[in-house]
Amino acid sequence: GKDKELIRGSWESLGKNKVPHGVIIVFFVCDRLFELDPALLSLFHYSTKCDSTQDCVSSPEFLEHVTKVMFVIDAAVSHLDDLQSLEEFLLNLGRKHQAVGVNTQSFTVVGESLLYMLQRSLGQEYTAPVRQAWLNMYSIVVAAMSRGWTK
Ligand code: HEM
């Protein structure tokens, strides 16, 4: 109930200026991600030389992946009433991440990046209940992805 309203409300205000905000958001997420765990850089296969975090962050491969993450978050926001319907998709997505060598703990870093981005973009609207609502939704997404892991 309340969580859904908070998530929809904050996602709506973020989406109002999609193009200019989208660019800023992508850079916040990248910066934060690699500040927290630079080892994740090596998992992306870059077509251009990546000598620094900055090179990688502005590479097409990385920007494309952030766009993919945002697509999944957007899908979760629009399926808040029926997250169960994304179960199969998320399970397969988890499977693909295991295949490329990601471990489930790394999803925490992406979650922190997402919260960081929301905090920076929402300003005053980023309240404790908003933070908790997003954390809850992200946990559901990550739990579903993690079920795709096989031993
Ligand atoms: C694909 C890395 C977290 C969504 C990929 C690929 C890599 C990768 C190397 C394959 C190449 C590519 O498509 O760019 C990572 C790492 C993560 C992470 C290192 C954590 C630190 C996430 C999260 C989501 C996500 C949390 C969504 C909530 C996707 C999607 C694809 C993808 C949608 C495309 C899958 C497909 O081809 O069907 N990821 N990923 N990733 N990732 Fe991630």
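Whatever comes next refers back to the structure up there.
Read on for an overview of the structure. Because the structure is a prediction, the values reported are computed rather than measured. (Residues numbered from 1 in each chain as written. Predicted model: local features only at pLDDT ≥ 70, side-chain atom pairs only at ≥ 80, totals over all residues. Heavy atoms only, no water.)

This part is about the coordination of the iron atom of the ligand. Here the iron atom of the ligand is held by the protein donor atoms H65 (NE2) and H97 (NE2), which lie 1.9 to 2.0 Å from it. The site at the iron atom of the ligand holds six donor atoms, and with the angles between them running 87 to 179°, its shape is octahedral. Within this pair, whereas H65 is found in helix α4 (residues 60–78), its partner H97 is found in helix α5 (residues 87–100), the two being separated by 32 residues in sequence. (Donors = N, O, S within 2.8 Å, 3.2 Å for Na, K, Ca; no water. Tetrahedral: all angles 85-135°; square planar, octahedral: opposite > 155°, others 65-115°. Helix = DSSP H or I, 4+ residues; strand = E, 2+ residues; numbered from the N terminus.)

Contact pair α4 / helix α7 (residues 128–146): the axes reach a minimum separation of 11 Å and the direction vectors enclose 110°. Classified by the angle their axes make, α4 and α7 are roughly perpendicular. Across the interface between the two elements, V72, I73, A76 and V77 of α4 pack against W134, M137, Y138 and V141 of α7. Taken together, the residues of the contact of α4 with α7 break down into eight nonpolar, no polar and no charged. (Axes fitted to C-alpha atoms, helices over the stretch in contact; angles between N-to-C directions. Parallel < 35°, antiparallel > 145°, perpendicular 65-115°, else oblique. Contact = heavy atoms within 4.5 Å. Nonpolar A, V, L, I, M, F, W, Y, C, P; charged D, E, K, R; others polar.)

The next subject is the site of the ligand. Lining the immediate environment of the ligand, one finds 16 residues, of which L40, H65, K68, K96 and H97 sit closest. Side-chain polar atom of H65 to a nitrogen atom of the ligand: 2.7 Å apart, as the coordinates give it. The contact in question runs from an oxygen atom of the ligand to an N or O atom on the side chain of K96, over 2.6 Å. Every element with two or more residues in the shell around the ligand is listed here: α4, α5 and α6 (106–122). Residue composition of the shell around the ligand, grouped by class: 11 nonpolar, three polar and two charged. (Near = heavy atom within 4 Å. Polar contact = N/O pair within 3.5 Å; in protein donor to acceptor, adjacent residues only side chain to side chain.)

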